[in-house]
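The residues making up each chain are set out below.
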Amino acid sequence: MNKVAIIGKGHSRFGDRSDVNLAELSFEAVHPALESSGLTAKQIPYMALGSLGGWSEEPLPAVVIAEYCGLTGAGLVRCEAACASGTAAVFNAYSVVRSGQADLALVVGAEKMKQIDTLTVMEMIGRAGYYMWEFENFGMTFPAYYALHAVEHMEKFGTTEEDLAKVAVKNHRYGAMNPVAHLRQEITVEKALNSPMIAWPLKLFDCCPISDGAAAVVLASEKKVKELKIEDPVWIESIGFSSDTANISKRENYVGLNATLKASKMAYAEAEISPKDVDVANVHDCFTIAEIMAYEDLGFCEKGKGANMIREGDTEIGGKIPVNLDGGLKAKGHPIGTTGVSMLVELTKQLREEVKPARQAPMKNYVALAHNTGGTGHYGYVTVLRR
Amino acid sequence: MNKTPSLKSNRPLTITYNLPISKTSKFWKKLKEGKVFATACKKCGKLHFPPVADCGECGSSEIEWVKLNGNGKIVTFTEVIVKPASFSKEPQYIVAVAELIEGVRVLAWFRGIEKEKIEIGMKVKLKAKVCSDEKIAYEFVPV
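Numbering of residues begins from 1 in every chain and follows the order in which that chain's sequence is written. Going through the entries in the order they are written, you letter the chains from A and number the ligands from 1. Only residues with pLDDT of at least 70 get local features here, since the model is predicted, and only at 80 or more are side-chain atom pairs given and counted; chain-wide, interface and lining totals rely on the full set of residues.

1. Here we look at the sheet that holds strand β7 (residues 213-221) of chain A
Think of a sheet as strands paired side by side through backbone hydrogen bonds, with each pair either parallel or antiparallel.
Residue and element names in this part refer to chain A.
(1) Moving on: Taken together, nine strands build an open sheet; the order of strands is β3-β2-β4-β7-β1-β8-β11-β10-β9 and the sheet is mixed. A strand with exactly one partner marks an edge of an open sheet, and here the two such strands are β3 (75-79) and β9 (280-282). The sheet shows a mean angle of 25° between the axes of neighbouring strands, direction not considered.
(2) Moving on: Any two strands between which DSSP finds at least two bridges are classified as paired. Per the convention used, a helix needs a DSSP run of H or I reaching at least four residues, while a strand needs a run of E reaching at least two, with both numbered from the N terminus. In this sheet, strand β10 (residues 367-374) lies alongside β9 in parallel orientation, the contact comprising three bridges. Along β10, the bridge assignment pairs N282 with A370.
(3) Moving on: What counts as a contact is two residues whose backbone-derived C-beta atoms lie within 7 Å of each other. Only the contacting stretch of a helix is used when fitting its axis, a line to C-alpha atoms as for every element, and angles between N-to-C directions run 0 to 180 degrees. Strands in contact with helix α10 (residues 258-271) are β8 (234-243), β10 and β11 (379-386); relative to β8, the strand with the most contacts, it is inclined by about 145°.
(4) Moving on: Running at roughly 170° to β10, helix α14 (residues 339-351) makes contact with β1 (4-11), β2 (46-50), β4 (104-111), β7, β8, β9, β10 and β11 of the sheet.

Structure follows, in C-alpha cells:
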C-alpha cells in the first residue's frame with residue numbers, strides 16, 4: 001500500500017459566515033489548499049467532502065462545491081459520520097490514495113449551520129442519537145447526552161464543574177490567538193461557572209458554539225510527493241476507526257467513549273507509537289467533559305485522572321502533551337463536518353512549526369494526533385501524523 | 001449594525017415522519033394497557049430494550065415478549081434547560097438512564113421529583129405513560 005502525505009492545506013475563518021454560501025465558503029479553503037500544493041483544480045482526480053448538512057439549502061453539497069471550485073469531473077462523494085464526517089472524508093480519500101486508485105485526492109470539510117435558527121439546530125443535532133427511542137418522546141439534546149457523561153464522571157472520579165470550566169478557559173486562551181477561530185475572547189473560570197445552564201451540569205461555556213466554516217487538505221502518494229518535489233510533506237501514519245451503540249442506554253458506562261479507546265489503540269499500533277510519543281494533539285472537545293474523557297481514552301493518563309491533567313496544566317504548552325492549541329471545538333468552533341479536516345490543517349501547521357510562537361507546541365518527535373468523534377461516541381476516529 | 005444581505009427562501013419545508021412500528025406493535029399496545037415489555041431472543045436468550053424484531057447478537061428472528069417488572073436504579077441523569085424547537089412548549093425535563101433488575105438499561109424522563117433530590121443509585125420504577133391514543137411513552141417515577 002502507498003504511503004500518503006498531506007501536501008497542501010487551506011482553512012476559512014470560522015464563525016457566523018452569513019456573508020458567503022457553502023460553495024463560496026469552501027473556495028476559501030480549497031483555493032489555498034491547491035495553491036500550497038502547487039496544483040490546479042484540474043489535476044485533482046478525486047474529492048471527498050465531509051458535511052452533515054440539513055441546515056443549508058443544498059442537498060448535494062459535493063457537486064455544488066466541486067463545480068464552484070473547478071473540480072467537476074473528479075470522483076465525488078459526501079461522507080457522513082456525524083461530527084466525525086471530516087475524518088470519514090479524510091479516511092475515504094486516504095484509502096483511495098493508499099490503495100493506488102489515484103495519486104492525488106482533495107478532502108474538503110464544509111458546513112453552514114447559521115442559516116437556520118439555533119433551537120432548530122439543537123433539534124437537528126438532538127435527533128442524531130437514536131431518534132425513535134431518545135428524541136421522539138424524550139427530547140434529548142447534545143449537551144444533555146454529554147451531561148449524562150459528566151454526571152457519572154463527577155460521581156465516580158470527583159471531577160468538578162470547575163475542572164470543566166478550566167478546559168474552556170484553556171481552549172479560549174489559545175482560540176484568542178488563532179486568527180481563524182470563531183470565539184476569540186479569553187474567559188475566566190468565574191465567567192464559565194456563571195454562564196447560563198444548558199443541560200445540567202453543563203453551562204454555555206461547557207459547549208462548543210454553532211459555527212460556519214470550511215477546511216481542505218490535499219493528499220498525495222509517496223510517488224507524487226517526489227514527482228511534485230514537495231519539500232515538507234506531513235505523513236498520515238495511521239487512521240484508527242471504531243463505533244459504539246446507537247442507543248446511549250446500551251453503553252456499559254458514561255465515563256468514557258469506547259469508540260475512542262478502540263480507535264486509538266488501532267492508530268497507535270499501526271503507527272508503532274505510544275501516547276507519550278505524541279508532541280501535540282487535537283481532541284474532540286465538543287463539550288468540556290469530552291476533552292477530559294479524551295485524555296483518558298487516548299491514554300494520555302489513566303481512566304479517572306483526566307481532571308488532574310487540566311488542574312496541573314499538563315495539556316498546555318510546556319505541559320506533558322499540549323492539546324487543542326487552535327482553541328479546539330470549544331473556541332475555534334465546530335462546523336460539524338469540517339472539524340476533522342480542520343484538525344489536520346492545524347496539526348500540519350504545528351508539525352511544520354508555522355503557527356505563532358505563543359501557540360506553537362515544542363516538537364521532539366514530530367508526531368501529532370487528531371481525535372474526532374461523531375455523535376455521542378457513535379463514530380470514533382484517531383489519526384496519527386508525522387513530519 | 002448593518003445586516004448581511006440574504007434572501008429568505010420562499011419554499012419552507014415541513015416534514016412529519018410516519019414511524020413504522022408494525023414489527024413491534026405489541027410494545028405500543030401493551031404500553032397502552034400500562035405495561036412495559038422488552039423482547040428476548042429465543043435462540044441466544046439476549047434480552048433487548050428497546051424491543052426488536054430481529055436479534056443483532058445471533059441473527060435470529062425468533063423473539064418472544066417479556067414483561068419488565070420496572071424496578072431499577074439510576075445510572076446517570078441530566079436536566080434539559082435549553083430545549084429543542086419541537087419541545088419548546090414542554091416544561092424543563094429530567095432525563096435519566098436506569099438499569100432495570102432484568103439487566104437492560106432504559107433512557108426516559110424522570111418525573112415527580114426535583115433534580116436536587118436525585119442521586120445516582122437511587123431506586124426508580126419504570127411505568128407506562130399514556131397521554132392520548134397518539135401519545136404513548138414510558139417514564140421513571142420515584143419508588
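2. With respect to the interface of chain B and chain A
(1) Moving on: Between chain B and chain A, the residue contacts involve 30 residues of the former and 31 residues of the latter.
(2) Moving on: Of all elements in the fold, only β4 (71-80), β5 (93-100) and β6 (105-110) of chain B reach the threshold of two or more residues within the side of chain B that touches chain A.
(3) Moving on: Partitioned by chemical class, the residues of the side of chain B that touches chain A number 18 nonpolar, seven polar and five charged. Under the grouping applied here, Gly and all other residues not named as nonpolar or charged are polar, the nonpolar ones being Ala, Val, Leu, Ile, Met, Phe, Trp, Tyr, Cys and Pro and the charged ones Asp, Glu, Lys and Arg.

3. Remarks on the domain arrangement of chain B
Residue and element names in this part refer to chain B.
(1) Moving on: Here the bounds of each domain stem from an automatic or database domain assignment. Taken as a whole, chain B is organised into domain 1 (21-67) and domain 2 (69-143).
(2) Moving on: Spacing between the C-alpha centres of domain 1 and domain 2 amounts to 21 Å.
(3) Moving on: Taken together, the contact pairs nine residues of domain 1 with 10 residues of domain 2.
(4) Moving on: For the side of domain 1 that touches domain 2, the element with the highest residue contribution is helix α1 (residues 25-32), accounting for three residues.
(5) Moving on: Here the residues of the side of domain 1 that touches domain 2 sort into six nonpolar, one polar and two charged.

4. What to know about unusual backbone geometry
(1) Moving on: The omega angle of the peptide bond from W200(A) to P201(A) is 0°, so this bond is cis rather than trans.
(2) Moving on: Along the chain, P201(A) turns up in the loop between β5 (197-200) and β6 (202-203).
(3) Moving on: Each neighbour pair has its own omega, and for F49(B) with P50(B) the value is -5°, a cis peptide bond.
(4) Moving on: By secondary structure assignment, the location of P50(B) is in the loop between β2 (47-48) and β3 (63-67).
(5) Moving on: Even without a glycine there, the phi angle at A82(A) is positive, about 50°.

5. A few points about the pairing of β8(A)
Side-chain positions along a regular strand alternate between the two faces of the sheet.
Residue and element names in this part refer to chain A.
(1) Moving on: As defined by bridge partners, β1 adjoins β8 across three bridges and the pair is classed as antiparallel. The residue bridging A5 from the neighbouring strand is W235, located in β8.
(2) Moving on: As paired strands, β8 and β11 are joined by eight bridges and run antiparallel to one another. Its bridge partner being in β11, S243 is matched across the sheet by Y379.

6. Notes on α14(A)
Since there are 3.6 residues in each turn of an α-helix, residues three or four apart along the chain are aligned in direction.
Residue and element names in this part refer to chain A.
(1) Moving on: Compared with an ideal rise of 1.5 Å per residue, which puts 13 residues at 18 Å, α14 spans 18 Å between its outermost C-alpha atoms and is within 8% of the ideal.
(2) Moving on: To sort residues by exposure, count the other C-beta atoms lying within 10 Å of each residue's C-beta; 20 or more gives buried, 12 or fewer gives exposed, and values between give partly exposed, all with C-beta atoms placed from the backbone. Counting buried positions over the 13 residues of α14 gives 12, a clear majority of the element.
(3) Moving on: All buried positions along α14 are accounted for by T339, G340, V341, S342, M343, L344, V345, E346, L347, T348, Q350 and L351.
(4) Moving on: Phi turns positive one or two residues past the end of α14, at E353, with a value near 55°. The span expected for a helix works out to 1.5 Å for each residue beyond the first.

7. Some thoughts on the nonpolar core
(1) Moving on: The biggest cluster of nonpolar side chains holds 164 residues, and the ones touching the most others in it are M47(A), A93(A), A105(A), V107(A), V108(A), A216(A) and L219(A).
(2) Moving on: Per-element tally for this core: the top contributor is helix α6 (residues 142-157) of chain A, with nine residues.
(3) Moving on: Shared between two domains, this core holds at least three residues of each, these being domain 1 (21-67) and domain 2 (69-143) of chain B. Put simply, a nonpolar core is buried Ala, Val, Leu, Ile, Met, Phe, Trp, Tyr and Cys residues tied into one set by C-beta atoms within 7 Å.

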